[in-house]
Amino acid sequence: MGNLVGKIAVVTGAAQGIGEKIAARLLDDGATVVILDVNFEKLERTASVLGDSGENVYPMKCNVADSEDVSKTFSAIYGKFGKVDILINNAGITRDSFFHKMTPEQWHSVLDVNLNSMFYTCQAVIPHMRTQQYGKIVNVSSSSSWGNLGQGNYSASKAGVLGLTRTLAKENGSKQITVNAVAPGQINTDMTKDLPDDVKKMATMLTPAGRMGDPAEVASVVAFLASDDSSFVNGECISVSGGFLIV
Ligand code: NAI
């Protein structure tokens with residue numbers, strides 16, 4: 001607690017779910033947190049709840065799949081705060097379908113939000129982080145990066161996240177920048193709430209913990225990777241899945 005005092009953090013997709021809990025945790029740890037989401041109404045409500053305990057929370061509307069929007073948003077962030085120390089790339093969507101029925105829209109929308117967004121956000125911060133010789137980037141991948149029925153688009157995007165993470169770690173490690181990932185298993189959020197009961201049951205059976213995870217259990221691992229406690233961890237992916245068995 002308190003080890004992020006003085007740090008400026010940006011969390012994408014923070015209006016709800018895992019992103020909201022990451023923002024809450026970074027605030028608790030002392031950071032000033034800029035929260036981004038495409039759903040601004042919800043984001044403002046979340047900011048007011050988070051603000052009750054932390055105060056240092058700044059909501060900004062941003063569609064991370066839109067390069068111009070990302071560019072404008074980060075210009076505004078640098079204009080206000082002068083730096084970004086921590087970037088958490090959390091925004092993500094699913095558009096599940098078996099591959100032989102998948103539409104181009106389903107494919108592109110998932111790749112745009114889950115992977116191409118990281119091209120935009122990382123390009124917005126990395127040059128500055130290299131100059132300031134400090135930065136922590138945490139990218140949210142998924143257990144589905146190993147491949148999952150009905151998730152060709154999502155799995156490809158989340159596997160791409162890991163390739164990008166390892167590459168950025170190698171390219172920027174000499175500048176005191178770490179780039180790591182987390183791979184959540186089945187976590188209780190809106191993303192999973194409408195999954196068919198048999199799918200949830202199967203996922204729980206394959207999870208030695210015997211339950212779905214809580215978003216705060218992902219947030220605590222992200223907070224570790226965003227802090228100097230993980231200063232010699234770079235290019236890694238930590239699975240946060242209750243031991244989910246990849247099949
Ligand atoms: P969620 O659906 O509850 O929240 C996602 C947030 O991202 C929402 O607030 C949404 O408005 C925002 N968002 C969507 N598109 C956006 C865009 N274009 N620009 C900005 N914000 C956008 O989902 P959840 O479960 O909190 O997921 C967070 C991350 O964790 C995602 O990357 C997801 O793929 C990943 N994940 C989730 C798992 C789960 O079981 N819930 C498992 C593995 C990974």
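In what follows, the structure referred to is the one given above.
Residues numbered from 1 in each chain as written. Predicted model: local features only at pLDDT ≥ 70, side-chain atom pairs only at ≥ 80, totals over all residues. Heavy atoms only, no water.

Chemist: Honestly, helix H4 (residues 104-132) in this entry has me stumped. Any pointers?
Modeler: Since there are 3.6 residues in each turn of an α-helix, residues three or four apart along the chain are aligned in direction. Between its terminal C-alpha atoms H4 stretches 40 Å, which fits the 42 Å expected from 29 residues at 1.5 Å a residue. With its phi angle positive at about 55 degrees, Gln133 sits one or two positions after the end of H4. (Helix = DSSP H or I, 4+ residues; strand = E, 2+ residues; numbered from the N terminus. Expected span 1.5 Å × (residues − 1).)

Chemist: Which parts of the structure should I look at to understand the packing of aromatic side chains?
Modeler: Aromatic ring pairs are described here by two measures, namely the spacing of the ring centres and the angle between the planes. Summed over the entire model, instances satisfying the criterion amount to 3 aromatic pairs. Across from the ring centre of Tyr134, 4.8 Å away, lies the NZ or CZ of Lys7, which sits over that ring. Just above the ring of Phe81 sits the side chain of Lys80; from NZ or CZ to the centre is 5.6 Å. (Phe/Tyr/Trp six-rings, centres within 6.5 Å; stacked < 30°, edge-to-face > 60°. Lys NZ or Arg CZ within 6 Å of the ring centre and 35° of its normal.)

Chemist: Explain the site of the ligand to me, please; I cannot follow it from the model alone.
Modeler: Near the ligand you find 28 residues, and of these Asp37, Asn63, Asn90, Tyr154 and Thr189 are the closest. In the environment of the ligand, an oxygen atom lies 2.7 Å from a nitrogen or oxygen atom belonging to the backbone of Asn90. Between the ligand and Lys158, the relevant distance is 2.9 Å, taken from an oxygen atom to a side-chain nitrogen or oxygen of the residue. Within the complex, 92% of the 830 Å² of free accessible area of the ligand lies under protein. For the shell around the ligand, the secondary-structure elements that each account for two or more residues are helix H1 (17-28), helix H5 (152-172) and helix H6 (190-193). (Near = heavy atom within 4 Å. Polar contact = N/O pair within 3.5 Å; in protein donor to acceptor, adjacent residues only side chain to side chain. Areas by Shrake-Rupley, 256 points an atom, 1.4 Å probe, with all protein chains shown as cover.)

Chemist: Hey, could you run me through the sheet that holds strand E5 (residues 135-140) in this one?
Modeler: Picture the strands of a sheet paired through backbone hydrogen bonds; they go either parallel or antiparallel. Strand order in the open sheet formed by 7 strands is E3-E2-E1-E4-E5-E6-E7, with parallel pairing between adjacent strands. The sheet is open, and its two borders are formed by strand E3 (57-61) and strand E7 (237-240), each paired with just one other strand. For this sheet, the mean inter-axis angle between neighbouring strands, taken without regard to orientation, is 20 degrees. Pairing between strand E6 (residues 177-184) and E7: 4 bridges, direction parallel. Directly across from Ala181, in E7, lies its bridge partner Cys237. The sheet strands contacting H1 are strand E1 (8-12), strand E2 (32-37), E3, strand E4 (86-89) and E6, and the helix crosses E1 at an angle near 170 degrees. (Pairing = 2+ DSSP bridges. Axes fitted to C-alpha atoms, helices over the stretch in contact; angles between N-to-C directions. Contact = heavy atoms within 4.5 Å.)

Chemist: Sorry, what's going on with the layout of surface pockets here?
Modeler: Space left empty within the atom packing is revealed by a probe, the size of a water molecule, rolled over the atoms. Looking at the second largest pocket, its volume works out to about 150 Å³. Lining of the second largest pocket is provided by Leu115, Asn116, Met118, Phe119, Cys122, Gln123, Ile126, Pro127, Leu164 and Leu168. Elements supplying a minimum of two residues to the lining of the second largest pocket: H4 and H5. Ranked by residues supplied to the lining of the second largest pocket, first place goes to H4 with 8 residues. Considering only residue class, the lining of the second largest pocket consists of 8 nonpolar, 2 polar and no charged. (1 Å grid on protein atoms, 1.4 Å probe; cavity = no way out; pocket = protein on both sides within 12 Å on 5 of 7 lines; lining within 4 Å. Points joined across faces, edges and corners; volume = space filled by probe spheres on them. Nonpolar A, V, L, I, M, F, W, Y, C, P; charged D, E, K, R; others polar.)

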